[in-house]
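A closer look at the structure
Each chain, written out:
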Amino acid sequence: MANQISKAFAHDQEDKAVEEISNHLKKFWEKRMLAQIFEHLDAGGEGLDPLAKKAVAALQRSAQPA
């Protein structure tokens, strides 16, 4: 599903696409879903396309306490 979202924003410049994908995930995905994709990323993120991988990583960093 993250790859499909990524493809929807692939026409944007990379930085903007990553931000939009991250925003979409944050807005529409349940916490349980986010936790699962963060775990998947921590395990290497196999199967995630590059934009999705960057967006999930950015979202994971922003979700961690400072």
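These numbers were taken from a predicted model, which means no experiment stands behind them. Along each chain, residues carry numbers from 1 onward, in the same order as the chain's sequence is written. Side-chain atom pairs in this predicted model are given and counted only at pLDDT of 80 or more, local residue features only at pLDDT of at least 70, and totals for whole chains, interfaces and linings cover all residues. Hydrogen atoms and water are omitted, and side-chain values are computed over all heavy atoms in the structure.

**A look at helix α2 (residues 14-28)**
Its 15 residues place the ends of α2 21 Å apart at the C-alpha level, agreeing with the 21 Å of an ideal helix rising 1.5 Å per residue. Along α2, the positions that sit buried rather than exposed are A17, V18, I21, S22 and L25. Looking straight down α2, one finds that the buried residues subtend no more than 130° of arc, so they occupy a single side. What points out from α2, more than 90 degrees from its buried face, is the exposed set D15, K26, K27 and F28. Contacts: residue pairs with any heavy atoms within 4.5 Å of one another. Working definition: helices are DSSP H or I runs of at least four residues, strands are E runs of at least two. Numbering for both runs from the N terminus. Taken together, the buried residues of α2 touch α1 (2-9), α3 (31-42) and α4 (50-63). Expected helix span is given by 1.5 Å per residue-to-residue step, counting one fewer step than there are residues. Three labels apply to residues, based on accessible area from a 1.4 Å probe with only protein chains included: buried if under 20% of the type maximum, exposed if over 50%, partly exposed otherwise in between. Working note: the arc is built from the helix axis to C-beta atom directions.

**A few points about the pattern of salt bridges**
Criterion for a salt bridge: a side-chain nitrogen of Lys or Arg within 4 Å of a carboxyl oxygen of Asp or Glu. What the rule picks out here adds up to three salt bridges. Taking the shortest distance from any N to any O, the salt bridge between K16 and E20 comes out at 3.6 Å. Here E20 and K16 lie together in helix α2, a separation of four residues that amounts to about one turn. One salt bridge in this structure joins R32 and E30, with 2.9 Å as the shortest N-O distance. For R32, a relative accessible area of 52% translates into the label exposed.

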